[in-house]
Each structure stands twice: as C-alpha cells, then as structure tokens.
Amino acid sequence: LLDAGQHGNEVMHMTEGNLPRGELARRMNLLMDVVQADSGEPYTYRTVAERLQERGVKLSRARWSYILSGEMYDVKDRQLLEGLAQIFEVPASYLLHVDGEVPERVNSQLEFVRSLRARRVRAFAARTLDGVSPQTLEAITAFLNNDIKE
C-alpha cells in the first residue's frame, strides 16, 4: 500500500502499482460491461468468486463490492488482482498499474457498450415520455446522442 499524501484528515490511498482504488473500480466496471457486451450477461459475484477459488484465491462478497465501488478498502492483494485479470482475460498490468494500457479487446468493445447503453436510455425515454411533442422528443434524442458520444 502506498500513501500518496495527506491533505488535512483526508488520506488518498493507492493500490499496489500506484493504481488509485477509484481507478481500479472504473476499470473493473468497464471489464464487467465488456463481459456483458460479449455474452449478454454480466458476471455475478458467485461466478467471479468460483473462478478465483479455482486459482486458490478467496473473495468475499463485501470485498467484491468494495472493488466495484472504489469505496472503503484498498485492494493490496496482488494475487487477487492477477486472478481477476485472468478471469477477465486482460494483462495483470491493467489492474495493477496506472499506466497499464487498455487491452485491445476492451477498447474494441467500448463503442458497443456505449451503443447498448444508448439503446437502453432511448427505450426508457420512449416509454416514459409518451405523449411528448415530436419537437421535444427530437431535442431530447439529439442531447442523448451527443452526450453518449462523449
């Protein structure tokens, strides 16, 4: 565990290899999105825990939640991070280091994941905005399309 510095009572914690826990959470959630885009179903805690157990690594439900949320505890366990990298088929450096490159497989799925999210947002808007004028609906659609591209 590296202590990146102290500001008043607030301490910024980093995981091994200088990867801030919030960044670890962002990367793990991106990998979860990629799995869902690939298979249509996200990995459940049970799936991840069982696959880690096959590698001799234990993962509690609470710890999994902390990893995905970036809250509470730092992940210092190199064996856990390497196991997660194997399960999600990415180089361990992606979960261990700030400068770990985004794997090509993840990069190629990003646009697809964005389009899935856009489709869900549009479907939700269509259901909830029934009866809205066509002009308003066009304005909302343009805003959503622009926001999702960014």
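Look up: the structure comes first, before these words.
Residues numbered from 1 in each chain as written. Predicted model: local features only at pLDDT ≥ 70, side-chain atom pairs only at ≥ 80, totals over all residues. Heavy atoms only, no water.

1. Section: the overall build of the protein
For step 1, the next point in the chain: A tally of helices and strands in the protein yields 7 helices and 3 strands.
For step 2, the next point in the chain: The N-to-C order of helical and strand elements in the protein reads β-β-β-α-α-α-α-α-α-α.
For step 3, the next point in the chain: For the protein, the proportion of contacts with a sequence separation of at least 24, taken over those separated by at least 6, is 55%.
For step 4, the next point in the chain: When the accessible surface of the protein is split by element, carbon and sulfur atoms take 50% of a total near 9500 Å². (Helix = DSSP H or I, 4+ residues; strand = E, 2+ residues; numbered from the N terminus. Contact = heavy atoms within 4.5 Å. Areas by Shrake-Rupley, 256 points an atom, 1.4 Å probe, with all protein chains shown as cover.)

2. Points about the nonpolar core
For step 1, the next point in the chain: Met28, Val48, Trp64, Leu84 and Phe88 are the most contacted members of the largest nonpolar core, which has 26 residues in total.
For step 2, the next point in the chain: For this core, the secondary-structure elements that each account for two or more residues are helix H1 (21-39), helix H2 (45-54), helix H3 (61-69), helix H4 (78-87) and helix H5 (93-96).
For step 3, the next point in the chain: For this core, the element with the most residues is H1, which contributes 6 residues. (Core = buried A, V, L, I, M, F, W, Y, C linked by side-chain atoms within 4.5 Å. Buried < 20%, exposed > 50% of the residue type's maximum accessible area, 1.4 Å probe, protein only.)

3. Re unusual backbone geometry
For step 1, the next point in the chain: Here Glu89, not a glycine, exhibits a phi torsion of approximately 55°, which is positive.
For step 2, the next point in the chain: For Glu89, the location among the structural elements is in the loop between H4 and H5.
For step 3, the next point in the chain: The class of Glu89 is exposed, set by a relative accessible area of 58%.

4. Description of the packing of H1 against H3
For step 1, the next point in the chain: The geometry of H1 relative to H3 is characterised by a closest axis approach of 6 Å and an angle of 100° between their N-to-C directions. Taken together, the axes of H1 and H3 are roughly perpendicular relative to one another. Only Trp64, Ile67, Leu68 and Ser69 of H3 make contact with H1, whose side of the interface consists of Ala25, Met28, Asn29 and Met32.
For step 2, the next point in the chain: Its residues assigned to classes, the contact of H1 with H3 shows 6 nonpolar, 2 polar and no charged. (Axes fitted to C-alpha atoms, helices over the stretch in contact; angles between N-to-C directions. Parallel < 35°, antiparallel > 145°, perpendicular 65-115°, else oblique. Nonpolar A, V, L, I, M, F, W, Y, C, P; charged D, E, K, R; others polar.)

5. Quick notes on the pattern of salt bridges
For step 1, the next point in the chain: Here the structure, examined in full by the defined rule, presents 5 salt bridges.
For step 2, the next point in the chain: Two residues, Glu50 and Arg46, come together in a salt bridge whose shortest N-O distance is 3.3 Å. One end of the pair is Glu50 and the other is Arg46, both in helix H2 and 4 residues apart, which spans about a single turn.
For step 3, the next point in the chain: Relative accessible area serves as the criterion here: at 44%, Glu50 is assigned to the partly exposed category.
For step 4, the next point in the chain: Across the pair Arg78 and Glu82 runs a salt bridge, and its minimum N-O distance is 2.9 Å. Of this pair, Arg78 and Glu82 both sit in helix H4, 4 residues apart, which is roughly one turn of the helix. (Salt bridge = Lys/Arg side-chain N within 4 Å of Asp/Glu carboxyl O.)

6. Description of H4
For step 1, the next point in the chain: Among all positions of H4, only Leu80, Leu81, Gly83, Leu84, Ala85 and Ile87 are buried.
For step 2, the next point in the chain: Structurally, the start of H4 carries an N-cap: the backbone nitrogen of Gln79 is 3.0 Å from a side-chain oxygen of Asp77.
For step 3, the next point in the chain: Just past H4, the residue Glu89 takes up positive phi, approximately 55°. (Polar contact = N/O pair within 3.5 Å; in protein donor to acceptor, adjacent residues only side chain to side chain.)

7. Brief notes about H2
For step 1, the next point in the chain: For H2, every residue scored as buried is listed here: Tyr45, Val48, Ala49 and Leu52. Taken down its axis, H2 places every buried residue within 95° of arc, on the same side. Projecting away from the buried face of H2 at angles above 90 degrees are the exposed residues Arg46 and Glu54.
For step 2, the next point in the chain: In this fold, the buried residues of H2 make contact with H3 and H4.
For step 3, the next point in the chain: After H2 finishes, the residue Gly56 shows a positive phi value of roughly 80°. (Arc of directions from axis to C-beta.)

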